[in-house]
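Coordinates in review
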Amino acid sequence: KMVLAPPIAPAVPVNGVKIKSKTDTPFYIWLFPPKEDMISRKIRDAGIYEDLDTDFLQLAASSDIAKAASETWAVDIGANIGFHTLHMAAMGMNVVAFEPSPDTASLLRQSITENNFVYSKKRVTSSGTSRGSVQVVQAAVSGTTDGFGRLVRHEGSAGMTVLQVKSSNGQVDAEPLPFGIKDVIADNIPLVNPERVVKSLIYGNRAIPKGDAAPLLLMLKVDAEGFELHALKAINLKRHLFRYLTFELFPELLIKAGQTDPKDLLLYVQSFGYICTAHSTSFRKKQELLRTKKEYLDWYNSYIAPRMPVSKDLHLNLYCGIDV
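Residues numbered from 1 in each chain as written. Predicted model: local features only at pLDDT ≥ 70, side-chain atom pairs only at ≥ 80, totals over all residues. Heavy atoms only, no water.

Inspection of the entire model under this criterion finds 1 disulfide. Here Cys276 connects covalently by a disulfide to Cys320, the sulfurs 2.0 Å from one another. For the disulfide bridge between Cys276 and Cys320, the dihedral angle about the S-S bond is near 110°, and by the sign convention the bridge is right-handed. On the criterion of sequence distance, the pair formed by Cys276 in strand 12 (residues 274-277) and Cys320 in strand 13 (residues 316-322) is long-range, its members being 44 residues apart. (Disulfide = S-S within 2.5 Å. Helix = DSSP H or I, 4+ residues; strand = E, 2+ residues; numbered from the N terminus.)

The following block contains the structure:
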C-alpha cells in the first residue's frame with residue numbers, strides 16, 4: 001500500500017512575523033519571532049536568505065528545460081520555515097516540502113495560505129502557469145515508513161533541528177550533538193519514505209510517464225542536518241533523477257548525527273553524474289566544476305579535510321546539475 005503522508009498534526013500556534021521577500025518574484029513568508037531564531041532574523045533584515053541558494057534556484061527556474069516543461073516539480077527535504085520552498089513556488093514550481101518540526105511546519109502552512117500556493121491538479125497541469133504550489137509533509141524522511149524519531153533543537157535557533165532516530169526498543173543515540181543542540185521539542189516525529197510520498201503526490205495512481213508526458217523533476221534541495229546521504233538514498237535517484245540538486249555539506253553533523261563519512265555523500269552524488277560546485281556563480285559560468293571521482297576527492301582532501309579540526313561549524317552548500 002502506497003503511503004501518501006502521515007496525518008497532519010494539529011496546528012501549533014506561533015506568534016510569527018510576516019514580511020515580503022525581496023526576490024525577483026516576491027512572496028510573503030511567516031517567520032519565527034526574530035529574537036528567537038537566527039534564520040528569521042536574517043530573512044527579516046535582508047528579505048533574502050542565502051544569496052547563492054537564491055541565485056541557484058533562479059537559474060534552474062529560468063533554464064530552457066524548465067521553460068519548455070508544462071509542469072515542473074521540486075522536492076525540499078528539510079524545508080524549515082520555507083524561504084526556498086516558497087521562492088520555488090513563486091517561480092512556478094510545484095513543491096513537495098518535508099518539514100518535521102510541528103511549529104515550523106505550521107508557519108510554512110500559514111505562508112502557503114498567504115500566497116495561495118495551494119495545490120490543485122488543474123493548476124499544475126495548465127501550461128503557462130506562473131505560480132506554483134506547495135504540499136507540506138510534516139515528517140522526517142527515512143528509508144522505510146516505520147518508526148518515530150526525536151527532534152532536538154538548537155537553543156538559540158528555532159529553525160535548526162536535528163533528528164535522533166529511535167531504535168526498536170525506543171532508545172535514541174545518546175552521543176552528544178554539537179553547537180548547543182539539546183532541547184527536545186518532539187519525541188514522536190513520524191518517519192516517512194520520501195520516494196513513496198513523491199510518487200504519490202506527483203504521479204498519483206498512474207504509472208510514471210516517460211518522454212514529453214513526464215512531469216519535469218527540476219530541483220531537489222536537501223538540508224537534513226547530517227542526514228543528507230540517508231535522504232538521497234531514500235528518495236531513489238536511480239528512478240527519480242532531478243535535473244538540479246543542492247545540498248548542505250556539514251561534516252560535523254554528517255559524522256555525529258548521520259553517522260556518515262562526508263566523502264561518502266560526495267561520491268554518492270557523483271555516481272549519478274551530478275556535476276557540482278560550491279559557488280552558484282561558478283555554476284552559471286561553468287567554472288570550477290567537480291565532475292570525476294578524483295576531482296571530488298581532491299577538492300575534499302585539499303579544502304574540507306584540513307579545515308575540519310579547527311572549524312567544527314564548517315558547512316557549505318553544493319550546487320549540482322546533470323549535463324551542464
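Next, the rest of the story.
Here the largest pocket defines a volume of roughly 970 Å³. Along the walls of the largest pocket sit 48 residues, with Ile39, Tyr49, Asp223, Glu225 and Glu248 positioned nearest its centre. Elements with a contribution of two residues or more to the lining of the largest pocket: helix 1 (38-46), helix 2 (51-61), helix 4 (83-90), strand 6 (140-141), strand 7 (148-154), strand 8 (157-165) and strand 13. Looking at which element gives the most residues to the lining of the largest pocket, the answer is strand 8, with 7 residues. For the lining of the largest pocket, the per-class residue count stands at 25 nonpolar, 13 polar and 10 charged. (1 Å grid on protein atoms, 1.4 Å probe; cavity = no way out; pocket = protein on both sides within 12 Å on 5 of 7 lines; lining within 4 Å. Points joined across faces, edges and corners; volume = space filled by probe spheres on them. Nonpolar A, V, L, I, M, F, W, Y, C, P; charged D, E, K, R; others polar.)

Considering all chains together, one arrives at 8 aromatic pairs under this definition. Taken together, Phe56, Tyr244, Phe283 and Tyr319 form an aromatic cluster joined through their ring pairs. Across the ring face of Tyr268, the terminal group of Lys233 is positioned such that the distance to the ring centre comes to 5.8 Å. Arg307 extends its terminal NZ or CZ atom over the ring of Tyr303, reaching a point 3.9 Å from the ring centre. (Phe/Tyr/Trp six-rings, centres within 6.5 Å; stacked < 30°, edge-to-face > 60°. Lys NZ or Arg CZ within 6 Å of the ring centre and 35° of its normal.)

In total, this model carries 1 cavity of 30 Å³ or more according to the counting rule given. In this structure, the largest cavity spans a volume of roughly 60 Å³. Together, Glu50, Asp53, Lys221, Val222, Asp223, Thr246, Phe247, Glu248 and Asn317 line the largest cavity. Of all the elements in the fold, those that place two or more residues in the lining of the largest cavity are strand 10 (216-222) and strand 11 (244-249). Counting residues per element, the lining of the largest cavity draws most heavily on strand 11, at 3 residues.

Leu220, Val269, Tyr274 and Trp299 are the most contacted members of the largest nonpolar core, which totals 58 residues. When residues of this core are assigned to their parent elements, the largest contribution, 5 residues, is made by helix 7 (residues 194-203). Sequence-distant contacts of Tyr274, that is, excluding residues within four places in its chain, are made with Leu237, Leu241, Phe242, Arg243, Tyr244, Leu245, Val269, Leu290, Tyr296, Cys320, Gly321 and Ile322. Membership of the second largest hydrophobic core comes to 42 residues, among which are Leu57, Met91, Leu108 and Tyr319. (Core = buried A, V, L, I, M, F, W, Y, C linked by side-chain atoms within 4.5 Å. Buried < 20%, exposed > 50% of the residue type's maximum accessible area, 1.4 Å probe, protein only. Contact = heavy atoms within 4.5 Å.)

Following both chains from N to C, one finds helix 8 (residues 228-235) and helix 10 (residues 262-271) inclined at 30°, their axes separated by 9 Å at the closest point. Taken as axis vectors, helix 8 and helix 10 run roughly parallel relative to one another. Taken as a pair, helix 8 and helix 10 cross one another with a handedness that is left-handed. Residue-level contacts link Glu228, Leu229, Leu232 and Lys233 of helix 8 to Asp264, Leu265, Tyr268 and Val269 of helix 10. Looking at side-chain class alone, the contact of helix 8 with helix 10 contains 5 nonpolar, no polar and 3 charged residues. (Axes fitted to C-alpha atoms, helices over the stretch in contact; angles between N-to-C directions. Parallel < 35°, antiparallel > 145°, perpendicular 65-115°, else oblique. Left-handed = near helix turned anticlockwise from the far one by under 90°.)

Let's shift gears to the sheet that holds strand 12. Spatial strand order, 5-4-3-10-11-13-12: 7 strands in an open sheet with mixed pairing. With partners counted over all chains shown, the strands left at the sheet margins are strand 5 (133-137) and strand 12, one partner each. The average angle at which neighbouring strand axes cross in this sheet is 20°, direction not considered. By the bridge criterion, 4 bridges tie strand 10 to strand 11 in an arrangement that is parallel. Along strand 11, the bridge assignment pairs Leu220 with Leu245. Strands in contact with helix 2 are strand 10, strand 11 and strand 13; relative to strand 11, the strand with the most contacts, it is inclined by about 165°. Here helix 8 sits on the sheet and contacts strand 3 (72-77), strand 10 and strand 11; the angle it forms with strand 10, its principal contact strand, is near 155°. (Pairing = 2+ DSSP bridges.)

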